[in-house]
Amino acid sequence: MTFRKEIKRSLTISESNILKIELLNDGMKRLYKSRLVNSCYLDNSNFDLLFLSDEGILPRKKIRIRWYDSNLKFSKETKISSIEGRFKSTEPINFKNLGEVYKYSEQSIDFGLLKPVLKISYLREYYKYKNLRLTFDSNIKYKTLLGIKSISSSDNLNVLEIKSSEETSLDYIERKFALRIIRFSKYSRGIQAVYNI
């Protein structure tokens, strides 16, 4: 597991398009083709992982099952934020279909029974700019996975995520992008949008 910095900035559609043009004119290069990212976030019945995230309590973690486009190759990702920094571990998980994803559960020593509570999907574009890796996320959609009735919602914001090594100065990133560092959690926004928590 490698520690890294992740800085997020929310953007309107217009701001996102303008920033992409500016960065492309300044040497930003596309790394990969765009793809649809799908994630099912796990939590317990009290939404304790959400609470830790919203309160900024360390250490904290998020657990999700992820797959891309319509390719049913699934992986389990655990993102941990600690005093030392942030890191992510990824392991393949053998599901044959989406039904198995939605029925998945696991027992946690700290949080009890965890199961999928929210599906998030969005279009992600991948770029390299200087020594930074950038992703632009758009068309963000949320869907409940608890209860009988399914509720969906679309976000009106896009997200720029800047990923760098631990050694990269935050001052450098702030100056380069003239941004105010914010905490932007799709998981938190999605839960608020569809569960009103």
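Now for a description of the structure that goes with this document.

As for the overall build of the protein chain
Part 1: Looking only at helices and strands, one finds 5 helices and 10 strands in the protein chain.
Part 2: Here the C-alpha radius of gyration of the protein chain, 17 Å, is about what a compact globule of 197 residues would show, namely 16 Å.
Part 3: Principal-axis analysis of the C-alpha atoms gives the protein chain an extent of 50 × 35 × 30 Å.
Part 4: Among the 197 residues that make up the protein chain, the fraction classed as buried is 46%.
Part 5: Of the contacts made within the protein chain by residues no fewer than 6 positions apart, 66% connect residues no fewer than 24 positions apart.
Part 6: Surface exposure of the protein chain reaches about 10800 Å², of which carbon and sulfur atoms provide 51%.

Section: the environment of Leu24
Part 1: Position of Leu24 relative to the elements: it lies in helix H1 (residues 13–25).
Part 2: Looking at Leu24, the relative accessible area reads 41%, which means it is partly exposed.
Part 3: When the C-alpha positions of Leu24 and Tyr129 are compared, they lie 8.6 Å apart, and in sequence the two are 105 residues distant.

Thoughts on the pattern of salt bridges
Part 1: A full pass over the atoms with the stated rule returns 11 salt bridges.
Part 2: A salt bridge links Arg66 to Glu77; the nearest nitrogen and oxygen atoms lie 3.8 Å apart. One end of the pair, Arg66, is in strand E3 (residues 60–68); the other, Glu77, is in strand E4 (residues 74–82), and 11 residues separate them in sequence.
Part 3: One salt bridge connects Glu161 with Lys163, and the closest N-O pair in it is separated by 3.7 Å.
Part 4: The buried category is assigned to Glu161, whose relative accessible area is 3%.
Part 5: What you see here is one network of salt bridges that share partners, running through Arg124, Asp137, Glu161, Lys163 and Lys186.

Concerning empty space enclosed by the protein
Part 1: Inspection of every chain in the model, using the stated rule, returns 1 cavity of 30 Å³ or more.
Part 2: Volume-wise, the largest cavity comes out at about 140 Å³.
Part 3: Forming the walls of the largest cavity are 16 residues, and the residues nearest its centre are Lys8, Tyr41, Arg64, Lys79 and Glu161.
Part 4: Where the lining of the largest cavity is concerned, the elements lending two or more residues are strand E1 (4–11), E3, strand E7 (112–129), strand E10 (158–165) and helix H5 (186–195).

Considerations on the pairing of strand E2 (residues 29–43)
Part 1: The pairing of E2 with E7 spans 12 bridges and is antiparallel. Directly across from Leu42, in E7, lies its bridge partner Pro116.
Part 2: Pairing between E2 and E3: 6 bridges, direction antiparallel. Bridge assignment links Ser39 to a residue of E3, and that residue is Arg66.

Some points on the pairing of strand E5 (residues 85–93)
Part 1: Taken together, the 9 bridges between E4 and E5 define a ladder with antiparallel strand orientation. Across the sheet, residue Phe74 finds its bridge partner in E5, namely Ile93.

Examining the environment of Thr78
Part 1: Assignment of secondary structure puts Thr78 in strand E4.
Part 2: Spatially, the C-alpha atoms of Thr78 and Leu146 are 21 Å apart, while their sequence positions differ by 68 residues.
Part 3: For Thr78, the residues in contact, after removing those within four places along its chain, are Lys61, Lys62, Ile63, Phe87, Lys88 and Ser89.

Criteria and cut-off values
Residues take numbers from 1 onward in each chain, read along the sequence in its written order. Under the rules for a predicted model, residues below a pLDDT of 70 receive no local features and side-chain atom pairs below 80 are neither given nor counted, while totals for whole chains, interfaces and linings still include all residues. Side-chain numbers come from the whole structure's heavy atoms, not from hydrogens or water. Helix and strand definitions here come from DSSP, where helices need a minimum of 4 consecutive H or I residues and strands a minimum of 2 consecutive E residues; each element is numbered from the N-terminal end. Our radius of gyration looks at C-alpha atoms and nothing else; its globule reference is 2.2 Å times the residue count to the power 0.38. Burial here depends on accessible area, computed with a 1.4 Å probe over protein chains only, as a share of the maximum for the residue type. Under 20% is buried, over 50% is exposed, and the range in between is partly exposed. Contacts are residue-level and defined by heavy atoms, with any inter-residue pair within 4.5 Å sufficient. With residues, only the protein chains shown are counted as cover, and all accessible areas are computed by Shrake-Rupley using a 1.4 Å probe. The salt bridge criterion pairs a side-chain nitrogen of Lys or Arg with a carboxyl oxygen of Asp or Glu, the two atoms within 4 Å. As defined here, a cavity is a set of points on a 1 Å grid over the protein atoms alone where a 1.4 Å probe fits but cannot get out. A pocket is an open set with protein on both sides within 12 Å along at least five of seven lines, and residues line them when an atom is within 4 Å of a point. Grid points are joined across faces, edges and corners, and a volume is the space filled by probe spheres set on the points. Strand pairing is defined by DSSP finding a minimum of two bridges between the two strands.

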